[in-house]
Amino acid sequence: METIYKIPFAVLEVPPIKIKKPSFIRIPTPMVVFGMVLFSYFLVTGGIVYDVIVEPPSIGSTTDEFGHSRPVAFMQYRVNGQYIMEGLASSFLFVLGGIGFVVLDKANLTGLSRLQRTMLLTLGFFCVIAAFFGSRIFMTIKLPGYLK
Amino acid sequence: MYDKKDHFPTIYKFCRSQFHFVQAQRRFGFTIFPAFPKWLGIYRISIEKQETLLKLIVLSAAAILSFSTRLFAVLRFESVIHEFDPYFNFRSTKYLAQEGFYSFHNWFDSRAWYPLGRIIGGTIYPGLMVTAAALYHVLHAVNITIDVREVCVFLAPLFSSLTVLVTYYLTKELKDVGSGLVAAAMISIVPGYISRSVAGSYDNEGIAIFCMLLTYYMWVKAVKTGSLFWSTLCALAYFYMVSSWGGYVFLINLIPLHVLTLMVTGRFSHRIYVAYSTVYVLGTILSMQISFVGFQPVQSSEHMAAFGVFGLCQIHAFVDYLRSKLTQQQFDALFRFLATVVVVVSVVVGAALTALGKISPWTGRFYSLLDPSYAKNNIPIIASVSEHQPTSWSSFYFDLQILVLLCPVGLYFCFSKLNDHNIFIILYGVTSVYFAGVMVRLMLVLAPVMCVLSGIAVTGILSVYMRNLDVIDTKTRKKKVDTSYPVKNEIATFVILMMTFFLITYTFHSTWVTAEAYSSPSIVLSASQHDGSRIIFDDFREAYYWLRQNTPEDAKVMSWWDYGYQITAMANRTILVDNNTWNNTHISRVGQAMSSPEDKAYEIMRELDVSYVLVIFGGLTGYASDDINKFLWMVRIGGSTDKGSHIKEADYFTPQGEFRVDREGSPVLLNCLMYKMCYYRFGQVYTEQGKPSGYDRVRNAEIGNKDFELDVLEEAYTTEHWIVRIYKVKDLNNRGA
């Protein structure tokens, strides 16, 4: 085997440098990967692929009876279309709901002080309830006949 | 490499889990059933039996619920096959049930794609038809003589009940019994799955989801136990999956991805080695038995990842074996040599084979998943299908509701307790979220994993908070008050009630969505009038049966490709193009005929021996999915080949760039064949109060070209609400020009 190895080095010369892998490059911990997954979930459920392909406006506009153009936040009457802003706002609510449940889980750990626990619980409940009712309201705005 | 933990006898584990459960019961102090009166003392059943009874009740309720919630269309209309693709599957199943498997496998259909014909035996996934025909024969063998149509209509709901059971088993393997039950209950009504498996939607996805989850269940079992038995079962389940749907490519890439992730995170062990080697070898050999798949598993790029990981598995196992035999120094030298040789050889061979064309690159349908803009720029047929559009946020919420909020939580619980099978469900979840974002149709693949992850999430939250509930234990009086946790009991009750409320709203949402959005047969339309009564539009079947009864047997019908399957199945006439869309040039020829003026179109129609032309027109009723709305796709596809290069999309728009059918519309549009066929005699019809005659209710405009006569066609039949219009192509003049 050594003879095969020696062939390229008969022609080439090894330069006298030492390259080490930098120590700050490490395999990421599970929770870091979870954070990256959550960010990609935020982007995908916000309809970023739809935004890139169909290129809708960021917010729609309509003209009222005086001729002024008024902004329209939600593309109504269609489940399969969206404006960019409404997509990102809704996926933010989804991720907020998820984070709320995670915070509720973390609020049960031992060794937390009373203040910390109260804050975590309040944050958790607020996130979950806001996300649930928020996404429900968004859907009602988008589809006026929702749940009728 | 050999782990002592893997030799735990399963019986010991079972006993241990029972013991833990009983302990928890004692801690909680309540049993599932209240105390019976003394004279019913003999009916006090043990904890294990209570647990089994509860599981049985929940699973059977979920299975029955999943079957019944898919029956809205059958109750509102009748048991009829829906949409377009299911009609082809229905026709093939009828053929299979009557002729037998060998003639089905060798079937060449000369009544579609005239004059080319279609080799059906080699271009379909036979799993669905074989399953339905087998069920049909089994039922007939026990003298339950129901028609093939009924078997086809109710097959998808039946398999959804089986999916509920498989989901329970899969989630039980991944986490525990509680999450299994919640996931099973959720998947029974999740709208994302219901949309493709209602009664009447007789399509591949109806059984494919069951096969996919079965394969995943077997794979998780194989990874956990490392036994040859489960790996072989996984390969057999994979074979069933390959026979039922083209989406099997997802499985054959997800399982190697899982193995690769386990290698990267240092969890590779002999269990994974046995499991993956068996599954890959047996699975590939079995998958090549389906003629449609053929030699693709060893030739196409979509399967190369599995092959690569298989090789990597062997190398990794061999390296581990050598490491245990050699000294460190010898091992290092050998490893470096082998690694360089293998990498160089595989790269060179791979590049050479791809350059020579032996390994085909990723095909259009799957390539557009990796690069979503590819279909929009290059393949208009794929881009035109509405199911292939990217997904918006509202589709996610509409199809999944609370599951969208719970999925990250499920991922969190999986990440906090990483093990071999959790990594699998994490990979499945992340990849399917991405693919569902690219194509709306793949929401179907996302729905099961959302249910699994949400089941894990709900059980995670509830089990944490259930423990905080105060135990009403009359025996012990001591109560530990935790100063750092103010109103533990009340908070826990509130969380549990909140979760219950969320799940209840989930059921209301799912049932509403199923009833309103996903239960329409598409072949029968209904609309509600001003006074609230419903009016049924049965025009499609009316037109197809007219064709069946009033045209010669060998008549050729030209229509746009959407209606091809329905025409062959119900009207039993030869057609030019159908939903299979395998020949873009032929479809383009039909598109050219539809977009050209009458005389040019007549040449194309004579060339293709067309005797009848069928168009769908929604202007009278307000039916929006008619051929005028699809017309631009006909122009685009018609102009995409050489013979149609004179057809330019811009000619059909006004100078301002609008698509208009009124007087301002482009003269090319107002004189083309499609326009004339749709609006013949429409100029004399009054459609709405206060509007002039010839008012198109879909485009909301009075049509521009009203009084014209057709030169080369004559009107054969128009249905009651003018939705389907059939024209007969006139023969050549007796005395020439």
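For the structure, check the block above.
Residues numbered from 1 in each chain as written. Chains lettered and ligands numbered in written order. Predicted model: local features only at pLDDT ≥ 70, side-chain atom pairs only at ≥ 80, totals over all residues. Heavy atoms only, no water.

**Describing the interface of chain B and chain A**
Piece 1. Chain B puts 55 residues into the contact, and the matching count from chain A is 56 residues.
Piece 2. Interface area, chain B with chain A, both sides summed: about 5,100 Å², of which 76% is carbon and sulfur.
Piece 3. Where chain B packs against chain A, one counts eleven residue pairs in polar contact (both at pLDDT 80 or more).
Piece 4. Listing elements by their share of the side of chain B that touches chain A, those giving two or more residues are α16 (328–356), α18 (373–378), α20 (393–400), α21 (402–416), α22 (420–438), α23 (443–466) and α24 (488–516) of chain B.
Piece 5. With twelve residues, the top contributor of residues to the side of chain B that touches chain A is α21(B).
Piece 6. Within the side of chain B that touches chain A, the residues separate by chemical class into 40 nonpolar, 13 polar and two charged. (Contact = heavy atoms within 4.5 Å. Buried area = accessible area lost by both parts, 1.4 Å probe. Polar contact = N/O pair within 3.5 Å; in protein donor to acceptor, adjacent residues only side chain to side chain. Helix = DSSP H or I, 4+ residues; strand = E, 2+ residues; numbered from the N terminus. Nonpolar A, V, L, I, M, F, W, Y, C, P; charged D, E, K, R; others polar.)

**Considering empty space enclosed by the protein**
Residues and elements named next belong to chain B.
Piece 1. Under the counting rule described, the total for this entry stands at two cavities of 30 Å³ or more.
Piece 2. In this structure, the largest cavity occupies an estimated 50 Å³ of space.
Piece 3. What lines the largest cavity is simply Y238, I252, Y280, G283, T284, S287, P297, H303 and A306.
Piece 4. At four residues, the largest contribution of residues to the lining of the largest cavity is made by helix α13 (residues 270–287). (1 Å grid on protein atoms, 1.4 Å probe; cavity = no way out; pocket = protein on both sides within 12 Å on 5 of 7 lines; lining within 4 Å. Points joined across faces, edges and corners; volume = space filled by probe spheres on them.)

**Here we look at a nonpolar patch on the surface**
Piece 1. A contiguous nonpolar patch, built from B:I315, B:V341, B:V342, B:V345, B:V349 and B:L353 and spanning about 410 Å² of accessible area, is present on the exposed surface.
Piece 2. Turning to its location among the elements, B:V341 is positioned in helix α16. (Patch = residues over 30% accessible without salt bridge, like charges linked within 9 Å, V, L, I, M, F, W, Y side chains within 5 Å. Areas by Shrake-Rupley, 256 points an atom, 1.4 Å probe, with all protein chains shown as cover. Salt bridge = Lys/Arg side-chain N within 4 Å of Asp/Glu carboxyl O.)

**Here's the deal with the environment of B:S395**
Piece 1. Along the polypeptide, B:S395 turns up in helix α20.
Piece 2. B:S395 sits in the buried class, given a relative accessible area of 5%.
Piece 3. Taking the C-alpha atoms as reference points, B:S395 and B:A515, separated by 120 residues in sequence, lie 16 Å from one another.
Piece 4. Ignoring anything within four residues of it in the chain, the contact list for B:S395 reads A:V79, A:N80 and B:M443. (Buried < 20%, exposed > 50% of the residue type's maximum accessible area, 1.4 Å probe, protein only.)

**A short note on unusual backbone geometry**
Residue and element names in this part refer to chain B.
Piece 1. A cis amide bond, omega 0°, links Y114 with the succeeding residue P115.
Piece 2. Here N700, not a glycine, exhibits a phi torsion of approximately 55°, which is positive.
Piece 3. Position of N700 relative to the elements: it lies in the loop between β8 (695–696) and β9 (701–702).

**A word on the side chain of B:S693**
All names here are of chain B.
Piece 1. Mapping S693 onto the fold places it in the loop between α31 (673–679) and β8.
Piece 2. Using a relative accessible area of 14% as the deciding quantity, one classes S693 as buried.
Piece 3. A distance of 2.8 Å separates a polar atom in the side chain of S693 from the backbone oxygen of G683.

**Observations concerning the pattern of salt bridges**
Side chains carrying opposite charge are able to pair once their charged atoms draw close together.
All names here are of chain B.
Piece 1. Following the criterion strictly, the structure yields 26 salt bridges over all chains and no others.
Piece 2. Put simply, D731 and R606 hold a salt bridge, and the shortest N to O gap is 3.2 Å. Pair noted here: D731 is in the segment after β11 (724–729) and R606 is in helix α28 (residues 598–607), with a separation of 125 residues, a long-range link.
Piece 3. What emerges from the salt-bridge pattern is a single network uniting R196, D203, E205 and R441.

**Points about the pairing of strand β3 (residues 525–528) of chain B**
All names here are of chain B.
Piece 1. Here four bridges tie β3 to strand β4 (residues 534–537), and the two strands are oriented antiparallel to one another. Residue pairing across strands places L525 opposite F537, the latter belonging to β4.
Piece 2. Between the end of β3 and the start of β4, which pair antiparallel, lie five residues, with G532 showing a positive phi angle near 95°. (Pairing = 2+ DSSP bridges.)

**As for the environment of B:T171**
Piece 1. With respect to the helices, strands and loops of the structure, B:T171 is situated in helix α7 (residues 148–174).
Piece 2. Excluding anything up to four places from it in sequence, B:T171 contacts B:D176, B:S179, B:G180, B:A183, B:V452 and B:I456.

**Overview of the sheet that holds strand β6 (residues 574–575) of chain B**
All names here are of chain B.
Piece 1. Ordered by their spatial adjacency, five strands build an open sheet running β6-β5-β7-β11-β10, and the pairing between neighbours is mixed. Strands with a single pairing partner mark the edges of an open sheet, and in this sheet they are β6 and β10 (713–718).
Piece 2. Where strand β5 (residues 556–558) and strand β7 (residues 612–616) come together, two bridges link them in parallel fashion. Bridge pairing links M558 to V613 in β7.
Piece 3. Along the sheet, helix α25 (residues 539–550) contacts β5, β7, β10 and β11; its crossing angle with β11, the most-contacted strand, is approximately 25°. (Axes fitted to C-alpha atoms, helices over the stretch in contact; angles between N-to-C directions.)

**Brief notes about the packing of helix α4 (residues 85–99) of chain B against α7(B)**
Residue and element names in this part refer to chain B.
Piece 1. Look at α4 against α7: their axes get within 10 Å of each other, and the N-to-C directions meet at 130°. In terms of orientation, α4 lies oblique with respect to α7. Note on packing geometry: the crossing formed by α4 with α7 is right-handed. In this structure, α4 contributes F90, T93, K94 and A97 to the contact, and α7 contributes V148, R149 and C152.
Piece 2. Taken together, the residues that form the contact of α4 with α7 break down as four nonpolar, one polar and two charged. (Parallel < 35°, antiparallel > 145°, perpendicular 65-115°, else oblique. Left-handed = near helix turned anticlockwise from the far one by under 90°.)

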